[in-house]
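Descriptive structure summary
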Amino acid sequence: MDQADQQPQADIALDQSGIWNAEDRKYRFTSYGRVEEQLMAYFKQVQESLDDPPFETAEEQRLFVDAVYHEVEGNELRLAVNPTCSLILEKLLTVSNPFQLRVFCDKLTGRTVELITDRNASHVCQRLVTLAADVVEKEVQDGKPDNCEMDIDPSQGELLSMEQMILNMCEDILPEMGDLICQSYASHVIRVLIFVLAGKRIDDFRGQLRSKNAKRFKEKYDPSAQKVSVKASRTRLVPDSFKPMLQKLIADVAENATEEQLRGIVMDSNGSPVIQVLLEALDDDKESEKIKTMFLDRMLWGLLTGEDTAATQTVRQAWFQNMIFDKVGSHMVQFIIKIAPSAVYKKMYVTLLRGKMLGYSKHAVANYVIQSVLSNARDSSQLKEMAAELGGFKFLLETGKYGVIRSLVEASVKLGVLQAEVMGWLIEAFGLKTDEDKKQFANCLIRMKPLEVYQELSADEKTSSQNFHIQGSLIFQEVMKMPSEQHSVLVGSFLSQKPEDTLKWCFSPLGSRAFESILRSDEVNIKVKKRVTKNLEGRFVALAKDKFGSHIIERCWEVADINTKEQIATELLKKEYDLADHYIGKCILWSCRIDQFKRRRQEWIEREKGLEKRKKMFEDILEEDGKAGNKKRKTKA
């Protein structure tokens, strides 16, 4: 790399370092005074009551919570920043009603920045905002705030709605948004706040809002916080004022952040996820698209609106390379590729990636970006150009970049192109030259090992499921979605194995998924599925007791005719009592209706035949609809 390429990267590193150091210096320990021993002792008693509630009615609990808030009035900030009391405060918030939450939130007014940047208070704020989502939704449904009976000092003024309090929080953080999203504690609170503004259900995004350690902590100390309603909608009702505020937050960063700040945010482990959540939360309206495009343009060094001089292109390429080689920055690039409009995606590929795909595929971090580029290819012509540049799978297999292979296979299936070529590249990469070699295709693929390496394994290792590879299993499943002309080589290889060897696949988390894909695929011939099922005869009881094998029985049952079902049911009936005592086996007995098979066999047969007829009838209808659709397309053409 020449000096022109090296200089921008050095500048970027200095900029990032400056941002991180500035952020660390800016927010320090927050203190509102020491919690008195008497109050500490009282709050520990409160914890005991919350951990083992003595309340017989909801009204008793409400009165208890009211009494606690009255007792600690004026000390809310001290309790929030205290390591012990903040945990108890979170539990108290969880059992508080909407009115009590509003009163507590009012006590924190004007202190948002101080609290969300504190190690302990940030967790209290995060819990408060999470619970506020329900309160806001109820306010929208009722058309007014919930006003319960509680003593409020009239001299303190009117109690605001939770909607207005959330908006006030946003106004508090807005002047320092660029710095706060990179602060280790504040960034998590801001992410939750974004989901509340966007009307997204927070329970569906735990992975984006909490670390694994935080989730384990919450499960141990606050089981009530993990309860999620199965019937709950994926979206929430939010007031009209939330959408402009959400746009205002992202627009402030996109417009007002300096180049140094923006580069620091993109490469920051706290700031980058916040930006991703912000961009994902935006709607598809014109204003949101304008903000999103502006932000993408600035992150990609003026790719969309900037000059295309040689110097600018050199600096832009250096910055992009710096991003995709970085563990944090590469996640941002993957996210951009996912959400970018087709025009932006195409320009990114042509300007920044074309001619460099194979080189980036070698890199330990950048290869994940290439996987995203392949998976999100917008049309067949783009995918063909990318595949030609990669030049097959042999090099990728040798260097262990199995994810790139899997991404290209997935894209091939999704876009319906290059499927014959993909199968040819797989066969070539594994070194399967003769028909005899191709019989080992399934074994090589599931282990992601070339034939030469596979043949060097011991006899036990050749049949063991312990060396199955997750990428091999995923590729196997994708190949099963291809037409029979393409997947026939793999299916033939699988069927050429001894039944006792393929049986081991059923008890493996990776092998069972691959095995299931044969039975699930609409492209696989029914005769092949029946043969696969027949190879399992005498093993259905063992499969019924296994957490992976039980799924194989269910798939076999779906494709079996009445005679095969009777054979399976007869085999299970012989061990009925054994299976009934097993936590998985009893589910198989129920799904196959073995009790009815034993007591009213003729009725069971008639029922299964009826199901089989209805299934065939629907298949015929779907087949006719498919033919009619093809005729219409031909007529239009």
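See the structure shown above.
All residue numbers refer to positions counted from 1 along the written sequence of the respective chain. A pLDDT threshold of at least 70 governs which residues receive local features in this predicted model, and a stricter bar of 80 or more applies before side-chain atom pairs are shown or counted, although totals over entire chains, interfaces and linings include all residues. Only hydrogens and water are set aside; all other atoms, that is, all heavy atoms of the structure, feed into the side-chain values.

**Comments concerning the overall build of the chain**
Secondary structure follows DSSP: runs of H or I at least 4 residues long count as helices, runs of E at least 2 residues long count as strands, and numbering of each begins at the N terminus. If you tally the helices and strands in the chain, you get 42 helices and zero strands. Any residue under 20% of the maximum accessible area for its type is buried, any over 50% is exposed, and the rest in between are partly exposed; the area is computed with a 1.4 Å probe on protein chains only. A burial count over the chain gives 48% of its 637 residues as buried. Put simply, of all contacts in the chain between residues at least 6 apart along the chain, 73% involve residues at least 24 apart. Using a 1.4 Å probe, accessible areas were evaluated by the Shrake-Rupley method; residue-level cover was limited to the displayed protein chains. When the accessible surface of the chain is totalled, it reaches about 31,900 Å², and 49% of it is carbon and sulfur. Here a residue-residue contact requires only that any non-hydrogen atoms of the pair lie within 4.5 Å.

**A look at the environment of Asn535**
Tracing the sequence through the fold places Asn535 in the loop between α35 (526-534) and α36 (540-544). Asn535 gets classed as partly exposed once you look at its relative accessible area, which sits at 29%. Here the alpha-carbon distance between Asn535 and Leu495, two residues 40 residues apart in the chain, equals 9.3 Å.

**A closer look at the packing of helix α8 (residues 121-142) against helix α11 (residues 186-198)**
Following both chains from N to C, one finds α8 and α11 inclined at 5°, their axes separated by 9 Å at the closest point. Classified by the angle their axes make, α8 and α11 are roughly parallel. The residues of α11 that touch α8, namely those facing Ser122, Cys125, Gln126, Val129, Thr130 and Ala133, are His188, Val189, Val192, Leu193 and Val196. Ten residue types, Ala, Val, Leu, Ile, Met, Phe, Trp, Tyr, Cys and Pro, are classed as nonpolar, four, Asp, Glu, Lys and Arg, as charged, and the remainder, Gly among them, as polar. Classifying every residue of the contact of α8 with α11 by side-chain character gives seven nonpolar, four polar and no charged. The convention used is that axes are lines fitted to C-alpha atoms, helices contributing only their stretch in contact, and that angles between N-to-C directions extend from 0 to 180 degrees. Angles below 35 degrees are treated as roughly parallel, those above 145 as roughly antiparallel, those between 65 and 115 as roughly perpendicular, and all remaining angles as oblique.

**Details of the nonpolar core**
Here is a general trend for soluble globular proteins: nonpolar side chains tend to be buried in one another's company. In terms of nonpolar packing, the biggest core is built from 190 residues, with Phe393, Leu426, Phe476 and Leu572 touching the most fellow members. Here the element with the most residues in this core is α8; it accounts for ten residues. Side-chain atoms within 4.5 Å link the members of a nonpolar core, which is a set of buried Ala, Val, Leu, Ile, Met, Phe, Trp, Tyr and Cys residues.

**Quick look at helix α32 (residues 484-495)**
Multiplying one less than the number of residues by 1.5 Å gives the expected span of a helix. With twelve residues, α32 extends only 14 Å from end C-alpha to end C-alpha; this falls clearly short of the ideal 16 Å at 1.5 Å per step. For α32, the complete set of buried residues consists of Gln486, His487, Leu490, Val491, Ser493, Phe494 and Leu495.

**A short note on the pattern of salt bridges**
Salt bridges are identified by distance alone: a Lys or Arg side-chain nitrogen within 4 Å of an Asp or Glu carboxyl oxygen. Counted by the stated rule, this structure contains 31 salt bridges. For Arg236, the salt bridge identified is with Glu137, shortest N-O distance 3.0 Å. Here Arg236, found in the loop between α13 (212-221) and α14 (242-256), pairs with Glu137, found in helix α8; they are 99 residues apart in sequence, far enough to count as distant. On the basis of relative accessible area, Glu137 is assigned to the buried category, the value being 14%. For Glu537, the salt bridge identified is with Lys534, shortest N-O distance 3.5 Å. Take Glu537: its relative accessible area is 39%, and that puts it in the partly exposed class. Overall, Lys534 belongs to the exposed group, its relative accessible area being 53%. Through salt bridges with shared partners, a single ionic network connects Glu516, Arg520, Arg555 and Glu558.

**Concerning the packing of aromatic side chains**
The geometry of two aromatic rings is summed up by the distance between their centres and the angle between their planes. What counts as a ring pair is set by centres within 6.5 Å for rings of Phe, Tyr and Trp (its six-membered ring), and what kind of pair is set by the plane angle: stacked under 30 degrees, edge-to-face over 60, tilted for all other angles. Under the criterion given, the structure shown has 13 aromatic pairs. Taking 5.4 Å as the distance between ring centres and 80° as the angle between the ring planes, the aromatic pair formed by Phe494 and Phe515 counts as edge-to-face. Pair noted here: Phe494 is in helix α32 and Phe515 is in helix α34 (residues 509-520), with a separation of 21 residues, a long-range link. By relative accessible area, Phe494 is classed as buried at 4%. Consider the rings of Phe597 and Trp604, whose centres lie 4.7 Å apart with planes at 70°: the pair is edge-to-face. On the basis of relative accessibility, which here comes to 0%, the residue Phe597 falls in the buried class. On the accessibility criterion, Trp604 (0% relative accessible area) is buried. Pairwise contacts between aromatic rings join Phe468, Phe476, Phe494, Trp505 and Phe515 into one cluster. A ring has a charge above it when a Lys NZ or an Arg CZ is no more than 6 Å from the ring centre and no more than 35 degrees off the ring normal. Positioned over the ring face of Tyr345 is Arg378, at 4.3 Å from the centre of the ring. Here the guanidinium or amino end of Lys462 rests over the ring plane of Tyr454, the centre of that ring lying 5.9 Å away.

**Here we look at the packing of helix α25 (residues 402-415) against helix α31 (residues 470-479)**
With their axes 9 Å apart at the nearest point, α25 and α31 run at an angle of 15° to one another. Put simply, α25 runs roughly parallel to α31. Remark: the crossing between α25 and α31 carries left-handed chirality. Here Tyr402, Gly403, Ile405, Arg406, Val409, Glu410 and Val413 of α25 lie close against α31, whose contacting residues are Gln471, Leu474, Ile475, Glu478 and Val479. Within the contact of α25 with α31, the residues separate by chemical class into seven nonpolar, two polar and three charged. With the far helix as reference, a near helix turned anticlockwise by less than a right angle produces a left-handed crossing, and one turned clockwise produces a right-handed crossing.

**Here's the deal with α8**
Between its first and last C-alpha atoms α8 spans 31 Å; for 22 residues at 1.5 Å apiece the expected length is 32 Å, and the two agree. Of all 22 residues making up α8, 16 are buried, and the element is well covered by its neighbours.

**Describing unusual backbone geometry**
Positioned with a positive phi, Leu418 is a non-glycine residue whose angle comes to about 60°. Tracing the backbone through its elements, the reader meets Leu418 in the loop between α25 and α26 (419-429). The residue Met448 is not glycine, and still its phi comes out positive at about 55°. With respect to the element layout, Met448 can be found in the loop between α28 (441-447) and α29 (451-455).

In short, the description is geometric, and any link to function would need to be established separately.
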